[in-house]
Amino acid sequence: MKFFLDTANLDELDRALAWGIIDGVTTNPTLIAKEGIAMCEQLRRICERTDGDVSAPVISSVSRDMVHEGRELASLHGNIVIKVPMTEEGIKAVSALRSDGIRTNVTLCFTAAQALIAAKSGAYFVSPFFARVEDAGGSGQQLIEDIARIYSAHGFATQILAASLRSREHVEQAAKAGAHIATLPFKLMESLFRHPLTAQGIEQFASDYSKVFDPVKA
Ligand code: E4P
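Residues numbered from 1 in each chain as written. Predicted model: local features only at pLDDT ≥ 70, side-chain atom pairs only at ≥ 80, totals over all residues. Heavy atoms only, no water.

Thoughts on the site of the ligand
To keep it simple, the criterion reads: Nearness is defined per residue: one heavy atom within 4 Å of the molecule or strand is enough. Pairs of N or O atoms within 3.5 Å make up the polar contacts considered here, provided that, within protein, one atom can donate a hydrogen while the other can accept it, and that residues adjacent in sequence are counted only when both atoms are side-chain atoms. Here the Shrake-Rupley method, with its probe set to 1.4 Å, supplies the accessible areas, and only the displayed protein chains count as covering residues. With a 1 Å grid spanning the protein atoms alone, the term cavity applies to any set of points in which a 1.4 Å probe fits but cannot get out, the term pocket to an open set with protein on both sides within 12 Å along at least five of seven lines, and the term lining residue to any residue with an atom within 4 Å of a point. The rule for placing a molecule in a cavity or pocket is simple: more than half of its atoms must lie within 2 Å of the grid points. Classes in brief: Ala, Val, Leu, Ile, Met, Phe, Trp, Tyr, Cys and Pro nonpolar; Asp, Glu, Lys and Arg charged; the others, Gly included, polar.
If you check the shell around the ligand, you find D6, T26, N28, K83, F129, R132, A163, S164 and R166 and nothing else. In the environment of the ligand, an oxygen atom lies 2.5 Å from a nitrogen or oxygen atom belonging to the side chain of K83. R132 has a polar side-chain atom sitting 2.6 Å from an oxygen atom of the ligand. Considered on its own, the ligand offers 350 Å² of accessible surface; in the complex 84% of this is hidden by protein. Among the detected pockets, the ligand sits in the largest pocket. Residue classes in the shell around the ligand are distributed as two nonpolar, three polar and four charged.

Next up, the structure:
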């Protein structure tokens, strides 16, 4: 399973890349806007930092314009994957971009039927929105399980990119359900390292050792 960082912030990205476990980046218009730097420039900076796939969103809602934007974004770097919303216009754009050899991430997916359409259109990634499904009274884990089952039954190559993950439980449930990738905000990713018993254990081991030996000389 791959980990992507869900951010457009370069400090967060640099800190997370140092862990050596981040395989790519996802962005969305909200995250890019927060940085206050124009889309193409910020994406260029992100791509300079990582060898992994970087999802870059289109803003238009009409297929022809999405394709135009997608081509422009894809020309920035070979690792760019164009993030297209799960609409009829979006799927038209995904089909056209596929013909150009441009990879896509169909985003804002809330049902297995939408994921089936995304796979049929040749999307490289599909992004089910875990927490937003739960906010609406559904089950994020069930959604990912259903998509994984359908893709496996019919041999679709589209990868399931679990998005909108907001807690450790979401990440664990997405992994159990068969997501190929989880994209996480920096704070959530950072929190996965920690457990109070880990900290307590480290302190205890160090204290037991230092009662007998000088840890600096050891
Ligand atoms: C990633 O591709 C999504 O844009 C992101 O995970 C959405 O998360 P949110 O529902 O917490 O805004």
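Picking up where we left off.
Description of the pattern of salt bridges
Filter applied, for reference: We define a salt bridge as a contact between a side-chain nitrogen of Lys or Arg and a carboxyl oxygen of Asp or Glu at a distance within 4 Å. A run of H or I in DSSP becomes a helix once it reaches four residues, and a run of E becomes a strand once it reaches two; helices and strands are each numbered from the N terminus.
All told, the structure shown has 12 salt bridges when counted by the stated rule. With a shortest N-O distance of 2.8 Å, R49 and D14 are connected by a salt bridge. Placement of the pair is R49 in helix α3 (residues 39–49) and D14 in helix α1 (residues 10–17), with a sequence separation of 35 residues. Salt-bridge contacts for D65 lead to R64; the nearest nitrogen and oxygen are separated by 3.7 Å.

Thoughts on the layout of surface pockets
Regions of empty space are outlined by a rolling probe, equal in size to a water molecule, passed over the atoms. What counts, and what does not: Grid points are joined across faces, edges and corners, and a volume is the space filled by probe spheres set on the points.
Empty space within the largest pocket amounts to approximately 620 Å³. In this structure, the largest pocket is lined by 33 residues; those nearest its centre are D6, N28, L31, K83 and R132. Those elements giving two or more residues to the lining of the largest pocket turn out to be α2 (29–35), β4 (80–85), β5 (104–109) and α10 (186–191). For the lining of the largest pocket, the element with the highest residue contribution is α2, accounting for five residues. The residue inventory of the lining of the largest pocket, partitioned by class, reads 15 nonpolar, 10 polar and eight charged.

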